[in-house]
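As a plain string of letters, each chain reads:
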Amino acid sequence: MLQGFAWDSCFKAAWYNTVAAKVDAIKAAGVTHVWLPPPSQSVAPQGYLPGQLYNLSSKYGSREQLVRLTQALRASGIKPIADIVINHRCADEQEGGVWNHFRDDVDHTGRRLDWGRWAITCNDPDFKGQGNPDTGDDYGAAPDLDHANPELRAALVDWLAWLQRDIGFEGWRLDFARGYGAQFVTQYVDATVGADSLNVGEFWVDLVWAGPHLEYCQDGARQRLCDWIKANGERCCAFDFPTKGLLQEAIKRGQYDRLRDKQGKAPGLLGWWPSKAVTFVENHDTGSTQQHWPFPSSHVGAGYAYILTHPGVPCVFWDHLFDWGEDLRKAITGLVALRRRAGLAADSKLEILAAEPDLYVARVGGRVTVKLGPRYDMGALLPKEAEGWKFVMSGKDWAVWEKTN
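Residues numbered from 1 in each chain as written. Predicted model: local features only at pLDDT ≥ 70, side-chain atom pairs only at ≥ 80, totals over all residues. Heavy atoms only, no water.

**Student:** Mind showing me how you'd approach the pattern of salt bridges here?
**Tutor:** Counted by the stated rule, this structure contains 23 salt bridges. Between Arg173 and Asp175 there is a salt bridge whose closest N-O contact spans 3.1 Å. For the pair shown, Arg173 and Asp175 are each scored as buried. Among the salt bridges present, the one from Arg253 reaches Glu249, with a minimum N-O distance of 2.6 Å. (Salt bridge = Lys/Arg side-chain N within 4 Å of Asp/Glu carboxyl O. Buried < 20%, exposed > 50% of the residue type's maximum accessible area, 1.4 Å probe, protein only.)

**Student:** Help me understand the UniProt feature "domain: Alpha-amylase C-terminal beta-sheet" (unreviewed entry) in the protein chain, please; the structure alone is not making it clear to me.
**Tutor:** Following the UniProt record, the feature "domain: Alpha-amylase C-terminal beta-sheet" (unreviewed entry) maps to residues 340-403 here. In this annotation, residues 340-403 is assigned 3% helix and 48% strand; the end-to-end C-alpha distance for the span is 13 Å. (UniProt positions renumbered as here; feature names shortened; annotations may be inferred. Helix = DSSP H or I, 4+ residues; strand = E, 2+ residues; numbered from the N terminus.)

**Student:** I keep staring at the packing of aromatic side chains and nothing clicks. Help me out?
**Tutor:** What describes a pair of aromatic rings is the distance from one ring centre to the other and the angle between the planes of the rings. For the coordinates displayed, the defined rule picks out 18 aromatic pairs. Centroid distance Tyr139 to Phe176: 5.3 Å. Interplanar angle 65°. Geometry classified as edge-to-face. Placement of the pair is Tyr139 in the loop between β5 (98-101) and α4 (150-167) and Phe176 in the loop between β6 (171-174) and α5 (182-190), with a sequence separation of 37 residues. Ring geometry for Phe239 against Phe280: centres 5.8 Å apart, planes inclined by 85°, an arrangement best described as edge-to-face. Here Phe239, found in strand β10 (residues 237-239), pairs with Phe280, found in strand β11 (residues 277-280); they are 41 residues apart in sequence, far enough to count as distant. What links up through ring pairs into an aromatic cluster is the set Phe5, Tyr16, Trp35, Tyr60, Trp204, Phe239, Phe241, Phe280 and Trp293. The cationic tip of Arg89 hangs over the ring face of Trp115; the distance from NZ or CZ to the ring centre is 5.1 Å. The ring of Trp293 has Lys244 sitting right over it, with the charged end atom 5.4 Å from the ring centre. (Phe/Tyr/Trp six-rings, centres within 6.5 Å; stacked < 30°, edge-to-face > 60°. Lys NZ or Arg CZ within 6 Å of the ring centre and 35° of its normal.)

Here it is in C-alpha cells:
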C-alpha cells in the first residue's frame, strides 16, 4: 500500500492531479493499493475535521478531479482506499453557543445528514449531545458521533456506499478507530466494500516506556490490537504501531535484539497476527512536517528493508517514494520488486536467525534473507552462493539476498 499524501499535501495546488500524474510510476513501483486523503469538505485543510460529507470539494481538489484519479488508478489495476473520518463531524450551526447542529447542503441519494444534538454522544464533554454514551474514546476537537444510533449508522452506510459506487473507492482507512465501537466497523465494511477488501484502522495503542526508553516487551499493545481486530469481526487490519516503535528504537539505539520476542517471533503485531498487520515506517502524523514520532532519517532505508521483506502488509509513505531522492526511491522499488519476485505475502514464514545488539538476520518465506545492523561480519549466517543465494542490494546498515534456485 502507498499512502498517497503527506500532512502538507493539502497546501499544494490540485493534489489529486499530482497523484494522477504519478499513476504510471506508482504502478511501476509495484503498489496495489493507494490510500487517499479524507475526501470531504473540512474545517481543517488536511480533511480530519469534516463537515458536509457529500461535499467533495476539498483542499486536495474537486469531486471531478477525485473521480478522474480513482478511475486512473483502477484502470491501472490499483485499488483506491478512502480515509474515512466518521468518529466525529463538525457542525454548521450553534445552539446555546455550542456547535452541535448539522446541515446537509449537497443534493444526494440516501438518508439525509441534517442531524441535531441526538447524533452526538451524551457524554461528549464539550458539545452537549443527547445521544447514547460514547462507545470509544472522546475526540476533543469536534462532536463525537453516536454510532450506537441505527439511523446515524444507516446514513453513514449510505455515504460510504456512495463513495464506493459513484466515486470509485474500494477500501477504507478508518481514522481514529479508537473513537467508536469495533462492532460497528463490521456493518460499515459488510454493507459496502466487503470483508475481502483491504481495510485498515488507525487504532493508536500506547506503548510502554521506562523514562526515555521504550520497553522491550510490548505485548499489552499487541493484545489491544488483536482484541480490536477480533471485535470488528476480522473485517479490518490495524496499523502496526508496536512494530514501528520497536524498529525505530532498535535502529536509533543500536538494540537490534529488540526485534525478536521471547517466543522467537517478531515483536510487533506482525509477530502475532501478520495477515492483519499493516506495517509502516512513517505516516502523515509521525513524520512528514509534523514530526510527532519520526523514524531516524538516516536509516529510513533500513526501515523499508525490514517492512518490505517481512510478513504483514507494508505501507510506503509518499514522501519517501517521491521526495526523498533517487537512492531511497530505488531502494524502495527494488525491495518491492524483490518481495513480488519471491512471492512474499502477509503471512509468509519468518525465521529470525539472529537478534543481537548490532546484528539482526531473518529469513522470510525461505526465499529472502535480510540483514540489519552495523556489524559487517555475519559469520556463518552470510547467505552462500553455493546454496543458491544471490546478493540483491544494500544500504546503510542493511542488505538483502534472494534464493534463486
